[in-house]
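Examining the three-dimensional arrangement
One letter stands for each residue in the lines below.
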Amino acid sequence: MMQYVVAICCSLFALQVVAQFNEAQRFNAFGAFRQPLQQTSQPLQRSHQCPEANGRYPVSGQCDAYIECRDGVSEEKLCPDGLLFNEKAGVFTYPCSYPIDVECPQGRTSLQAAQSTDECPHQFGYYRLGDASHCGQFMNCVNGKGFVFDCPEGLAFNAATYRCDWADQVPDCDAEAFLGFTCPPEARVEGLGQGEARFFRSPHDCQRYFLCLEGRPRLHTCGEGQAFNELTNACDGIENVTSCYTPQSNYRQAQPVTLPPPPPPPPTRAFQAFQQQPFQQNPFHQQRRPQPLDTRGSFRF
């Protein structure tokens, strides 16, 4: 009898193991639920062969499309408008990046049609605003909506790096027109060559100055309470720059602060109690009327 019980238990255990194995086949290596084969074997728009069971691979001739393979099943996908497929992206990283981070090889330069809006030329991207003389503003487009940003003073937006850079380092920016300053021609001295850097105080604000490198200007600003000293070619205390102290100069000088007079000290607690309680006369010190003097029985001298 015991042998039959053992055999039945072994059979039930074997059936349970087989059931768990079949259930495990419905999940992929990443733990995500995988549809049955008859549902994933639908014909695709274009048939692609997966080099490996899992991975992302470029589409021939197109730079913003890619093939995603999962368990040997391929699916062609398209990046959002304005982004390109990045082959170097990791497995757990979003595969679409900005154009400055992607190099599309020759023969794979086709792109999808632009999905422009009233604000953006593409759904995603960074774009400079203004012409060559107004280079300090750019726009970031996200889902077709534009967000405008300003570069720090004196810097221009560089479309090649998506950063704010010196105006003379941005190819499509006219640094002289953008900054409103042109470096004076440098006098050459025989045998000494041409200097590398020159400093010039701004003609409009003594707290600003221009650094000229190879004849191109760069704007710099001194800190609060400082001005550019032409004698030392550096920022100095504004009280040390006599040429800056003029009625026409618009330097930012700290204004004296006038403090109000201190309030009178509050009364002491005993004085407050004396003021709050009404005066009560002591009944033992009431005023008495004078009494006549009884001289009877007194001695006379």
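Here, the structure is the one placed above.
Quick caveat, the model's predicted, so the values are computed rather than measured.

Quick look at the packing of aromatic side chains
A full pass over the atoms with the stated rule returns eleven aromatic pairs. Taking 5.1 Å as the distance between ring centres and 10° as the angle between the ring planes, the aromatic pair formed by Tyr-66 and Phe-85 counts as stacked. Separated by 19 residues along the polypeptide, Tyr-66 in strand β2 (residues 62–70) and Phe-85 in strand β4 (residues 84–85) bring together distant segments of the chain. For Tyr-66, a relative accessible area of 8% translates into the label buried. On the accessibility criterion, Phe-85 (1% relative accessible area) is buried. These aromatic residues form a ring-pair network of at least three members: Tyr-98, Tyr-126, Phe-138, Phe-149, Phe-157 and Tyr-162. Sitting over the ring of Phe-147, Lys-145 keeps its end group 5.9 Å from the ring centre.

What to know about the sheet that holds β2
Taking strand neighbours across the sheet as the criterion, the three strands line up as β1-β2-β3 in an open arrangement whose pairing is antiparallel. Taken across any chain shown, the strands that pair with only one partner, and hence form the sheet edges, are β1 (55–59) and β3 (73–78). Strand-to-strand twist of the sheet, defined as the mean angle between neighbouring strand axes without regard to direction, takes the value 30°. Sheet analysis places β2 next to β3, joined by six bridges and oriented antiparallel. For Ala-65, the partnering residue across the bridge sits in β3 and is Leu-78.

Concerning a nonpolar patch on the surface
A cluster of nonpolar side chains, contributed by Val-142, Phe-147 and Phe-149, occupies part of the molecular surface with about 240 Å² of accessible area. Note that Val-142 resides in strand β7 (residues 137–142).

Considering the state of the cysteines
Counted according to the given criterion, the structure contains nine disulfides. Cys-135 shares a disulfide with Cys-173; S-S distance 2.2 Å. Judged by the sign of its S-S torsion, about 95°, the cystine formed by Cys-135 and Cys-173 is right-handed. Linking Cys-135 in the loop between β6 (125–129) and β7 with Cys-173 in the loop between β10 (163–166) and α3 (175–179), this pair joins segments that are 38 residues apart in sequence.

Quick look at the pattern of salt bridges
Per the counting criterion, the structure on display carries nine salt bridges. Measuring nitrogen to oxygen at the nearest pair gives 3.4 Å for the salt bridge that ties Arg-128 to Asp-172. Note that Arg-128 is positioned in strand β6 and Asp-172 in the loop between β10 and α3, a separation of 44 residues in sequence. Here Asp-172 falls in the partly exposed class, since its relative accessible area comes to 42%. Here Asp-168 ties to Arg-218 by a salt bridge, and the two come within 2.9 Å at their closest N and O atoms. Of this pair, Asp-168 sits in the loop between β10 and α3 while Arg-218 sits in strand β13 (residues 216–221); the two residues are 50 residues apart in sequence, bridging distant segments of the chain. Pair check on accessibility: Asp-168 and Arg-218 agree, each one buried. Linked by salt bridges that have partners in common, Arg-56, Glu-68, Arg-70 and Lys-77 make up one network.

Focus: unusual backbone geometry
With the exception of glycine, the majority of residues adopt a negative phi angle, and the majority of peptide bonds are in the trans configuration. Of note in the backbone geometry, Tyr-162 takes a positive phi value of approximately 60° without being a glycine. Inspection of the secondary structure puts Tyr-162 in the loop between β9 (155–158) and β10. Unusually for a residue other than glycine, Glu-214 sits at a positive phi of about 55°. Among the structural elements, Glu-214 can be located in the loop between β12 (208–213) and β13.

Looking at the sheet that holds strand β11 (residues 197–201)
Taken in spatial order, the three strands of this open sheet run β11-β12-β13, and their pairing is antiparallel. In this open sheet, the two strands that pair with only one neighbour each are β11 and β13. Recorded for the sheet is a direction-independent mean angle of 30° between the axes of neighbouring strands. Of the strand pairs in this sheet, β12 and β13 are connected by six bridges, and their pairing is antiparallel. Counterpart to Leu-213 in the pairing with β13 is Arg-216.

So, how was this worked out
- Residues numbered from 1 in each chain as written.
- Predicted model: local features only at pLDDT ≥ 70, side-chain atom pairs only at ≥ 80, totals over all residues.
- Heavy atoms only, no water.
- Phe/Tyr/Trp six-rings, centres within 6.5 Å; stacked < 30°, edge-to-face > 60°.
- Helix = DSSP H or I, 4+ residues; strand = E, 2+ residues; numbered from the N terminus.
- Buried < 20%, exposed > 50% of the residue type's maximum accessible area, 1.4 Å probe, protein only.
- Lys NZ or Arg CZ within 6 Å of the ring centre and 35° of its normal.
- Pairing = 2+ DSSP bridges.
- Axes fitted to C-alpha atoms, helices over the stretch in contact; angles between N-to-C directions.
- Patch = residues over 30% accessible without salt bridge, like charges linked within 9 Å, V, L, I, M, F, W, Y side chains within 5 Å.
- Areas by Shrake-Rupley, 256 points an atom, 1.4 Å probe, with all protein chains shown as cover.
- Salt bridge = Lys/Arg side-chain N within 4 Å of Asp/Glu carboxyl O.
- Disulfide = S-S within 2.5 Å.

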